[in-house]
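# Descriptive structure summary
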Amino acid sequence: MNSLLKLGAMPRRTRPVGQPTRGKTALNRLRQIDVFIALTYADVLSSGSPLIVDVGYGAQAWTALEMRERWLTINPRLRLLGLEIDAERVAVAQPYAQQSLIEFKLGGFNVRDATNGERARMIRAYNVLRQYEETEVPAAILTMANGLEDGGILIEGTSNPTGRMVVSDVYRKVSTSLRHEMLVFGTNFREALEPVDFQTILPKRLIHHMRDDAPLRFFEAWRRGLSIAKGAGRTNLREQWISAGNYLRDQAGYPIDPRERLLRRGYLALRDPLLPLAWLDS
Ligand SMILES: C[S@@+](CC[C@H](N)C(=O)[O-])C[C@H]1O[C@@H](n2cnc3c(N)ncnc32)[C@H](O)[C@@H]1O
């Protein structure tokens, strides 16, 4: 039986699912994610008055508010729900609530319980799962996905403290199942990067598997692509990034999203989870 169906049959829980973790956040920290979604998934957000949910917005509501603000150009009718498992953080966010448009509530991975059954078009959980155990990841992802509309998107990822570097898993709910759509690496080109630098902010499901065959080969191929770009005299960081992305796709055979504008903006979107995700289809 599909995992989402199994979870869908679970009894409703009144208590938030998860545990309190550190609440560190920063203004503009998740800008790169918001821009990536705007560039890639505007069609998902554009119709109706969809609900978007930020799970674990942190000690301040900044990144949740910024997310909505950035996507309002796609759809001015977006409604934001910020969920926090820490009651004090919910209280701190209340001054930013706006009736029927922006709400902050106590809640956990069981998004659907917090929305009284309404399903969200987009759910983001950023810098949250990194503080959990790897074994807790499948249930957390599937529980959040249970709160998505059909066709809705779940973004789970990690950034460095400033948001200069980000890595995201993007999942899509299709009927009663959840699909992994892409693993996205992002940079704002402020500093030179090596592919290995991303390894510290990989999704929790991947971070302890860097010696596994598929991640090892991918990062090695990426390193080689970058080194070829440098060897060819490319000194501009953006040009190096684009060239390495093209190498990964054209020479190494990786399914990198071919849209030039994504690479140019600093996004390497790999349509491969690099590890089997048996829990998605079990
Ligand atoms: C490091 S902060 C991330 C803040 C913000 N998303 C960011 O990336 O800057 C993690 C937050 O997630 C919250 N959190 C942890 N587990 C949670 C859960 N299961 N549901 C809701 N919030 C959770 C913590 O209370 C904490 O405030």
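Everything quoted here is computed from the prediction, not taken from an experiment.

A few words now on the pairing of strand β3 (residues 102–106). As paired strands, strand β2 (residues 79–84) and β3 are joined by five bridges and run parallel to one another. Paired with G82 across the two strands is F104, which belongs to β3. Read as a crossover between parallel neighbours, the route from β2 over helix α5 (residues 87–93) to β3 is right-handed.

Turning next to the site of the ligand. The full set close to the ligand counts 26 residues, and T25, E84, R89, N127 and Y132 are the nearest of them. Interatomic distance of 2.8 Å between a backbone N/O atom of G56 and a nitrogen atom of the ligand. In the model, an oxygen atom of the ligand is placed 2.6 Å from a nitrogen or oxygen of the E84 side chain. Contact with the protein chains removes 99% of the 610 Å² of surface that the ligand exposes when unbound. Of the residues that constitute the shell around the ligand, the class distribution is nine nonpolar, twelve polar and five charged.

The next subject is unusual backbone geometry. For N28, which is not glycine, the phi dihedral falls at a positive 65°. Within the fold, N28 resides in the loop between α1 (3–8) and α2 (31–40). In this structure, F189 is a non-glycine residue whose phi angle is positive, near 65°. Looking at the element boundaries, F189 is found in the loop between β7 (177–187) and α8 (204–207).

What follows deals with helix α10 (residues 237–250). With 14 residues, α10 extends 20 Å between its outermost C-alpha atoms, agreeing within 8% with the 20 Å of an ideal straight helix rising 1.5 Å per residue. Every buried residue of α10 is listed here: Q240, W241, I242, S243, A244, G245, Y247 and L248. Buried residues along α10 sit in contact with β7, α9 (213–231), α11 (260–264) and β8 (267–270). Of the residues that open α10, the one with a side-chain oxygen 2.9 Å from the backbone nitrogen of R238 is N236.

The subject of this paragraph is the environment of P276. On the secondary structure map, P276 appears in the loop between β8 and α12 (278–281). Sequence separation of P276 and A214 is 62 residues, and the distance between their C-alpha atoms is 9.8 Å.

Counting residues in each nonpolar core, the largest one holds 33 residues, and the members touching the most others are F36, Y41, W71 and M122. Broken down by element, the residue count for this core peaks at five residues, all from α2. Setting aside residues no more than four positions away along its own chain, Y41 makes contact with F36, M122, I153, V170, R172, E181 and M182.

Now for the pairing of strand β6 (residues 165–174). Counting buried positions along β6 gives eight out of ten residues, so the element sits mostly inside the fold. From the end of strand β5 (residues 148–159) to the start of β6, which pair antiparallel, there are five residues, and G163 there has a positive phi angle of about 90°. Across ten bridges, β6 lies against β7 in antiparallel orientation. Bridged to V174 within β7 is S177. Between β6 and β7, which pair antiparallel and follow one another directly, the connecting turn spans two residues, one of which, S175, has a positive phi of 55°.

This part is about the pattern of salt bridges. A complete count under the given rule lists 19 salt bridges for this structure. The partner of D213 in a salt bridge is R217, with the nearest N and O atoms 3.2 Å apart. Of this pair, D213 and R217 both sit in helix α9, four residues apart, which is roughly one turn of the helix. R224 serves as the salt-bridge partner of E220, at 3.9 Å between the closest nitrogen and oxygen. Placement of both E220 and R224 in helix α9 is noted, with a separation of four residues, approximately one turn of the helix. In this structure R224 comes out as partly exposed when scored by relative accessible area, which is 35%. Each of D34, D54, E66, R70 and R124 takes part in one network of salt bridges that share partners.

Moving on, we come to the domain arrangement of the protein chain. By domain assignment, the protein chain separates into domain 1 (3–188) and domain 2 (195–266). Relative placement of domain 1 and domain 2: their C-alpha centres are 26 Å apart. Facing the 24 residues of domain 1 at the interface are 20 residues of domain 2. Around 1,900 Å² of area is buried between domain 1 and domain 2 when both sides are counted, 65% of it from carbon and sulfur atoms. Considering only the surface of domain 1 that becomes buried against domain 2, L39, E134 and F185 emerge as the three largest contributors, covering 34% of it. Counting every contact that joins domain 1 to domain 2 gives one salt bridge. With its nearest N and O atoms 2.7 Å apart, the salt bridge here joins R205 to D169. The tally of links between domain 1 and domain 2 comes to six residue pairs in polar contact (both at pLDDT 80 or more). Secondary structure elements with two or more residues in the side of domain 1 that touches domain 2: α2, β5, β6 and β7. Considered class by class, the residues forming the side of domain 1 that touches domain 2 number twelve nonpolar, seven polar and five charged.

Rules and cut-offs
- Residues numbered from 1 in each chain as written.
- Predicted model: local features only at pLDDT ≥ 70, side-chain atom pairs only at ≥ 80, totals over all residues.
- Heavy atoms only, no water.
- Pairing = 2+ DSSP bridges.
- Helix = DSSP H or I, 4+ residues; strand = E, 2+ residues; numbered from the N terminus.
- Right-handed = clockwise from strand over helix to strand, strands pointing away.
- Near = heavy atom within 4 Å.
- Polar contact = N/O pair within 3.5 Å; in protein donor to acceptor, adjacent residues only side chain to side chain.
- Areas by Shrake-Rupley, 256 points an atom, 1.4 Å probe, with all protein chains shown as cover.
- Nonpolar A, V, L, I, M, F, W, Y, C, P; charged D, E, K, R; others polar.
- Expected span 1.5 Å × (residues − 1).
- Buried < 20%, exposed > 50% of the residue type's maximum accessible area, 1.4 Å probe, protein only.
- Contact = heavy atoms within 4.5 Å.
- Core = buried A, V, L, I, M, F, W, Y, C linked by side-chain atoms within 4.5 Å.
- Salt bridge = Lys/Arg side-chain N within 4 Å of Asp/Glu carboxyl O.
- Domains from an automatic or database assignment.
- Buried area = accessible area lost by both parts, 1.4 Å probe.

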